[in-house]
Every structure is written in C-alpha cells, then in structure tokens.
Amino acid sequence: MADLQDRLARIQAKITALKEKDPDLNLFGSESHAYKLNEPLSNQTLTTFENEHQITLPPDYRAFLEQIGNGGTGPYYGLETLEDGLCSSLDYKDKKYGVQTLSEPFPHTDDWIAPGYKEGMSDEDYDAWQELCFQDKEVFGLLRIANFGCGVSINLVVNGPSYGEIWVDDRNNDNGVYPDFYFGNEERLGFLEWYEVWLDKSIEEFE
C-alpha cells in the first residue's frame with residue numbers, strides 16, 4: 001500500500017509539473033481538459049458502483065479515483081468520469097446509444113477482430129462482417145477511460161482474464177480490439193503505469 005501511495009504522490013507532482021510547463025495548453029487534447037481534475041469519489045460511491053456492476057475496480061484505478069480525481073487531466077482528450085466510462089460511444093455520450101456491460105468478462109487476451117474480412121468484399125458481406133465485430137459480447141468488461149478520437153476508445157479491463165490492462169477498441173476503423181501499445185511500451189500496461197508513461201512523455205515534449 002505504501003508503494004501505491006508513493007506512486008500516487010509522484011503522479012500528483014508530475015501532473016502539477018506538466019500543468020506549469022504548458023500554460024498555453026499546447027499539448028494535444030489539453031484544451032479539452034485544461035489540466036483540471038474533477039473531484040475525487042468517495043469510497044462509498046466507488047463501492048456502490050462496484051456492487052451495482054458486480055465488479056471490483058482495479059486497485060490502482062480505484063485509488064486514482066478516490067485520491068486524485070474522477071476524470072479530467074489525462075491522455076488524448078482527458079480521462080472520462082467513471083459514469084461516462086459506461087457509455088458505449090464516447091462521441092455520443094447518451095445511454096440511448098448503448099451502455100457497457102461490466103458484469104460479464106471481457107473475453108479476449110490477444111488482439112481480436114471478427115474473422116472473415118476480405119479485400120473487395122460486397123457491401124452486404126462487409127455489413128455482415130461489421131455486425132460480427134460489433135456484437136456487445138466482444139467488449140463486455142471494458143470500461144471506457146479516454147477518447148482517442150476517430151471513434152477509437154481507450155479502455156480499462158475491469159472483468160475477465162485481461163483484468164487491469166489497458167485495451168484499445170478500434171472497431172470503428174475495422175481494426176478490432178487490442179492491448180494498448182501506443183506509448184511505445186512493449187509490456188501491457190495497468191492504469192497507473194499507462195497514466196504515468198503519458199505524463200513522462202508529455203513533460204519530455206516541453207524539455
């Protein structure tokens with residue numbers, strides 16, 4: 001636990017450092033979050049959310065929500081709030097466009113895309129293939145944590161064998177779902193690792 005506290009303190013210091021280095025909001029996406037973090041969530045609120053969705057939030061993410069903030073400053077257009085993480089689409093944050101199912105496990109441990117795609121397939125076959133890609137069950141257990149843009153979301157696996165890992169949902173561009181290696185990392189990242197790599201890379205941009 002002390003280790004986690006040290007890490008959160010280090011991250012908090014880096015958030016402050018990055019904000020000071022970028023007063024003009026030049027970093028990609030910073031105009032959206034403006035280096036502001038929403039109020040943290042109480043332990044009780046988090047427990048209610050977990051009970052409601054029959055999950056246990058990854059401890060590092062839970063600690064961030066409880067001690068640093070519930071969305072705001074973060075990669076791409078900023079971190080989503082816990083509640084918005086339930087939206088199937090981060091471009092259309094309305095429950096009528098669908099809600100993520102967290103109580104069922106995310107089924108994948110490796111890059112996944114629906115089989116059967118062929119270059120030059122007919123529109124009809126393409127539509128049928130896309131329908132396979134977009135079955136809800138393929139993204140059960142994924143909590144949306146950031147909007148990459150272009151219909152791509154960054155997600156935290158909160159249920160299933162890849163629990164605690166950051167995954168990309170790029171089905172809108174026919175690329176399926178896969179672990180997030182966008183920061184040049186060779187290992188799969190948990191939430192705080194991912195967030196701190198982003199902070200380090202962003203701070204580097206200004207040095």
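Nothing here was measured: the structure is a model prediction, and the numbers come from that model.

Draft legend 1. Quick peek at the overall build of the protein. Counting its secondary structure elements, the protein contains six helices and four strands. Start at the N end of the protein and walk to the C end: the helices and strands fall as α-α-α-α-α-β-β-β-β-α. Here the protein has a C-alpha radius of gyration of 18 Å; the compact-globule value for 207 residues is 17 Å, and the two agree. By principal-axis analysis of the C-alpha atoms, the protein measures approximately 55 × 40 × 35 Å. For the protein, the proportion of its 207 residues judged to be buried stands at 49%. Residue pairs at least 24 apart in sequence account for 63% of intrachain contacts in the protein once pairs closer than 6 positions are excluded. When the accessible area of the protein is evaluated, it comes to approximately 10600 Å², of which 47% is carbon and sulfur surface. A distance of 4 Å separates the average location of the 16 positive side-chain charges in the protein from that of its 40 negative side-chain charges.

Draft legend 2. Examining unusual backbone geometry more closely. One non-glycine residue with positive phi stands out, namely Leu25, at about 55°. Taking the relative accessible area as the measure of exposure, Leu25 reaches 25% and is therefore partly exposed. Even without being a glycine, Asp174 presents a positive backbone phi close to 65°. Tracing the sequence through the fold places Asp174 in the loop between strand 3 (166-169) and strand 4 (177-179).

Draft legend 3. Representation of the packing of aromatic side chains. Evaluated as defined, the whole model comprises 16 aromatic pairs. For the ring pair Tyr92 and Tyr97, a centre distance of 5.4 Å and an interplane angle of 45° mean the geometry is tilted.

Cut-offs used in this document
Residues numbered from 1 in each chain as written. Predicted model: local features only at pLDDT ≥ 70, side-chain atom pairs only at ≥ 80, totals over all residues. Heavy atoms only, no water. Helix = DSSP H or I, 4+ residues; strand = E, 2+ residues; numbered from the N terminus. Rg over C-alpha atoms; globule rule 2.2 N^0.38 Å. Buried < 20%, exposed > 50% of the residue type's maximum accessible area, 1.4 Å probe, protein only. Contact = heavy atoms within 4.5 Å. Areas by Shrake-Rupley, 256 points an atom, 1.4 Å probe, with all protein chains shown as cover. Lys, Arg positive; Asp, Glu negative; His and termini not counted. Charge placed at Lys NZ, Arg CZ, Asp CG, Glu CD. Phe/Tyr/Trp six-rings, centres within 6.5 Å; stacked < 30°, edge-to-face > 60°.

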